[in-house]
Amino acid sequence: MPVASMTIELRIEHAQSLKDRRQVVRSLKEKLAHGFNISVAELDEAVTWQSATLGVAAISGSRDYLTGLMRQVEDAATRIANDLGATITEAWWEFLEGAAD
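In this text the structure is predicted, and so the values were computed from the model without any measurement.

## Some remarks on the pattern of salt bridges
Phase 1 of the analysis: For the coordinates displayed, the defined rule picks out two salt bridges.
Phase 2 of the analysis: Residue Glu13 is joined to Arg11 by a salt bridge in which the shortest nitrogen-to-oxygen separation is 2.8 Å.
Phase 3 of the analysis: Between Glu42 and Arg21 there is a salt bridge, with the nearest N and O atoms lying 2.7 Å from each other. Placement of the pair is Glu42 in strand 2 (residues 39–42) and Arg21 in helix 1 (residues 18–35), with a sequence separation of 21 residues.

Right under this line is the structure:
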């Protein structure tokens, strides 16, 4: 089965504390996970208050479905981040090695 993995780099300019950062990250994770059939997790430690890295994973019987899903997730993440006062500085996705349909 194909598995897709996405990494999202997030910039949170307005965050003045770890609490501010957590609120944005938690909200983005919950909205993405709730809106799509995906898993979302924070990938890095809270090195700075203004940045975060999220990982997204999805599995399906179809590479075509996953391609469309990852595009939708990236678009939604951009919109949600903007609504939360954050910016996605970089996002990329790939099919994991060994995943075949």
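Moving on from the model shown.
## Concerning the sheet that holds strand 4 (residues 87–95)
Phase 1 of the analysis: Reading across the sheet, the four strands line up as 2-3-1-4 and stay open at both edges, with antiparallel pairing between neighbours. The sheet is open, and its two borders are formed by strand 2 and strand 4, each paired with just one other strand. Going from strand to strand, the sheet's axes swing by 20° on average, the running direction of each strand aside.
Phase 2 of the analysis: For strand 1 (residues 3–11) and strand 4, the ladder comprises eight bridges, and the chain directions are antiparallel. Each bridged residue has a counterpart across the sheet, and for Ile8 the counterpart in strand 4 is Ala91.
Phase 3 of the analysis: Against the sheet, helix 1 makes contact with strand 1, strand 2 and strand 3 (51–59), and its axis sits at roughly 165° relative to strand 2, the strand it touches most.

## Describing the packing of helix 1 against helix 2 (residues 63–83)
Phase 1 of the analysis: Between helix 1 and helix 2, whose axes approach to 10 Å, the crossing angle comes to 145°. With respect to the hand of their crossing, helix 1 and helix 2 are arranged in right-handed fashion. Where helix 1 abuts helix 2, its residues Leu28, Lys31 and Leu32 lie against Val73, Ala76, Ala77, Ile80 and Ala81.
Phase 2 of the analysis: Classifying every residue of the contact of helix 1 with helix 2 gives seven nonpolar, no polar and one charged.

Conventions we followed
- Residues numbered from 1 in each chain as written.
- Predicted model: local features only at pLDDT ≥ 70, side-chain atom pairs only at ≥ 80, totals over all residues.
- Heavy atoms only, no water.
- Salt bridge = Lys/Arg side-chain N within 4 Å of Asp/Glu carboxyl O.
- Helix = DSSP H or I, 4+ residues; strand = E, 2+ residues; numbered from the N terminus.
- Pairing = 2+ DSSP bridges.
- Axes fitted to C-alpha atoms, helices over the stretch in contact; angles between N-to-C directions.
- Contact = heavy atoms within 4.5 Å.
- Left-handed = near helix turned anticlockwise from the far one by under 90°.
- Nonpolar A, V, L, I, M, F, W, Y, C, P; charged D, E, K, R; others polar.

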